[in-house]
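Architecture and fold: a report
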Number of protein chains: 2
Amino acid sequence: MSEIRKHYFLPEYCIIAEGRAKRPSEFAAETGGAEPETRPTHCAFCAGSEEKTPPAGSVYKEGRIFADTKEKRVRKWDFRCFQNLFPALSPIPAFSELSGGEGGSSPGFGFHEVIVESPVHGKKLSDFSAAELSELMQVYRDRVCHYRAHENIRYVSLFKNSGGAAGASLDHPHSQLLALPLLPPLLKTELQAIGNEEKCPYCILLEKEKESTRFIRENRECVAFTPYCSKSPFEVWILPKKHVNYLGDCSKEILSGLGEMIGYVLNSYGKVLGNPAYNYMFYQLFDAPEYHLNLRLLPRISLVAGFELNTGIYINTVSPERAASYLRGDKLPEE
Amino acid sequence: MSEIRKHYFLPEYCIIAEGRAKRPSEFAAETGGAEPETRPTHCAFCAGSEEKTPPAGSVYKEGRIFADTKEKRVRKWDFRCFQNLFPALSPIPAFSELSGGEGGSSPGFGFHEVIVESPVHGKKLSDFSAAELSELMQVYRDRVCHYRAHENIRYVSLFKNSGGAAGASLDHPHSQLLALPLLPPLLKTELQAIGNEEKCPYCILLEKEKESTRFIRENRECVAFTPYCSKSPFEVWILPKKHVNYLGDCSKEILSGLGEMIGYVLNSYGKVLGNPAYNYMFYQLFDAPEYHLNLRLLPRISLVAGFELNTGIYINTVSPERAASYLRGDKLPEE
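Quick summary incoming for the structure in this document.

1. Overview of the relation of the copies chain B and chain A
For the pair chain B and chain A, the best superposition has an RMSD of 0.0 Å and corresponds to a rotation of 180° with a translation of 0.0 Å parallel to the axis. Classification of the inter-copy transformation places it as that of a two-fold axis. Every residue of chain B has its C-alpha some distance from the rotation axis, and the shortest such distance is that of Val304 of chain B, at 4.7 Å. Interface residue correspondence from chain B to chain A reaches 100%, placing this contact among same-surface, isologous pairings.

2. Concerning the packing of helix α2 (residues 130-148) of chain A against helix α5 (residues 252-273) of chain A
All names here are of chain A. For the pair α2 and α5, interaxial distance at closest approach is 8 Å and the crossing angle is 120°. Classified by the angle between their axes, α2 and α5 sit oblique to one another. Crossing handedness for the pair α2 and α5: right-handed. Between α2 and α5, the residues in contact are Ala130, Leu133, Ser134, Leu136, Met137, Gln138 and Arg141 and Leu255, Ser256, Leu258, Gly259, Glu260, Ile262 and Gly263, respectively.

3. Let's talk about the nonpolar core
Ile238 and Val265 of chain A together with Ile238 and Val265 of chain B are the most contacted members of the largest nonpolar core, which totals 196 residues. Those residues within four positions of Ile238 of chain B in sequence are excluded, and the remaining contacts are Cys222, Ala224, Leu258, Met261, Ile262, Asn294 and Leu295 of chain B.

4. With respect to the interface of chain B and chain A
Listed as interface residues are 56 residues of chain B and, on the opposing side, 56 residues of chain A. Elements supplying a minimum of two residues to the side of chain B that touches chain A: β1 (3-6), β2 (13-16), β6 (105-107), β8 (155-162), β9 (174-180), α3 (185-195), β13 (278-283) and α6 (306-311) of chain B. Here the side of chain B that touches chain A is composed, by residue class, of 32 nonpolar, 17 polar and seven charged. Sheet topology places strand β6 (residues 105-107) of chain A next to β1 of chain B; three bridges connect them, and they run antiparallel. When the sheet's bridge partners are listed, Pro107 of chain A is paired in β1 of chain B with Glu3 of chain B.

The rules behind the values
- Residues numbered from 1 in each chain as written.
- Chains lettered and ligands numbered in written order.
- Predicted model: local features only at pLDDT ≥ 70, side-chain atom pairs only at ≥ 80, totals over all residues.
- Least-squares fit on C-alpha atoms with pLDDT ≥ 70 in both.
- Contact = placed C-beta atoms within 7 Å.
- Axes fitted to C-alpha atoms, helices over the stretch in contact; angles between N-to-C directions.
- Helix = DSSP H or I, 4+ residues; strand = E, 2+ residues; numbered from the N terminus.
- Parallel < 35°, antiparallel > 145°, perpendicular 65-115°, else oblique.
- Left-handed = near helix turned anticlockwise from the far one by under 90°.
- Core = buried A, V, L, I, M, F, W, Y, C linked by C-beta atoms within 7 Å.
- Buried ≥ 20, exposed ≤ 12 C-beta atoms within 10 Å, placed from the backbone.
- Nonpolar A, V, L, I, M, F, W, Y, C, P; charged D, E, K, R; others polar.
- Pairing = 2+ DSSP bridges.

See the structure below:
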């Protein structure tokens, strides 16, 4: 029998319906496992092709930060951040806020940045060392803080699309950042709900999930678990144990803890699901100390269809309890 | 330059960013055009395989309604409605409402029905005659009214997934219906927003869109247009001109008008996008006369990625004005 579950503190629901479930090995068969990783000759994100991208405003190299000029690009870098060549938003000068009324429209003001995570084309985040992951988190923090300081920026969306099914159009490892002139509806709704609570609901659920069957793993700084009302199979949340509201608020230790945990979860996805396409997204609010930064990972092994589009309720064929047991390594995908 | 747009009356946004656009012919190339339509020997939805499904509670045949028994299945039918063999929700006897509190859970009470639209495996809705489409709408109305009468049912979700990319696991033409014990969050939010308006916002936007560059087509009963804040390329809304809140409120004329318009839009999708996978969903509320029934069609030619998952804001690379001009036939896909 299936089960209807409600989100921890939002009016969101999912239906856990395992009668419709596939075994994890079947997901792996469908996702087709690893994609070819030979370097195409035309990849603009590869070392040596720096001229093919806009000049990078931040180039990380041996722990220091440099900048390209139009004339000269920095070589032998570790991470490289530049404006997207096809930006969804652009830094136009005359920006006015969205009209609140019907059919409101405003120019697409904002920033759209690419963060290239490695000079090596075929490198996967799950193969990064702990030090490399920690460095990437520091890059993330720098870039979020950079845009946070901009006038008219209300939210910084930081995410990674990996694999075609997750919306990545290039398979060189990279993340993206969009700095927005408005607070997105999803975060606004969360913030309103949190405002009605006495204590941070994330702090509460963190303590609960540490003891639950949905617990995956913890390190000194973070906890990873599958959320009670998981919208998709194998959705994972990573939360810092300390209440921090955005990356700028994170110590180097927390950043390292986050990076290490991302590495663990991506490795588990690889073992259980055969290197699926995935997204991860940072949920954070630099202007709201009551918010609790969290990171959500989503392997793209199921599709949103008519029912989800119609209702906003998600049918999930793998219970988060079962998913957690696989990701902890209790069960092998063959079982 | 891109543009940030707000929904007609909800706090929802999209970013129209045509700089990132593909031409419609490129979408068509990606979707791969028509899938093979030979009948597999194992299809349970085909004429002659009636024993492979649960007994059908409603079998439409020459304008009359019959029912299967366990022993005897009705043959030579036009439409056939039965419980899904792998239901997401089931009619369990002891049902109690969801607890409103944190981590609420309830048994997966409800109904999950399949509506087979034709005995012929390869038949597409875009090839249906006006009379066949009208009949299908009548079947839809009957089934919605059937579940509406059930105790504890608060919403009936009626939708079609066509093609693998739209979540269809079988390619025999069929729709699905889920009868739910709760009002879904998306509809609840809409209803609250509508409650704050003096006049039905759908009635208002219908009049506006009839005169706009997003207008596609009208018949006596319905209007089709691309919504101002389209979340995906080529999203289409069909609205009855008369204010009706659910299918049970629709005259035979309105049903015929809806069916005819669905046929037109699916044909246009075929011409412009090369037979893409698509979803359509009915938004309707049988208990709320203030709601205005509407049907939304979505070709699955773009992917939701990290940004959309993070913010609830959709990046759309084809403006609804351009999409409407293609769907009206003003422009050819080659242009």
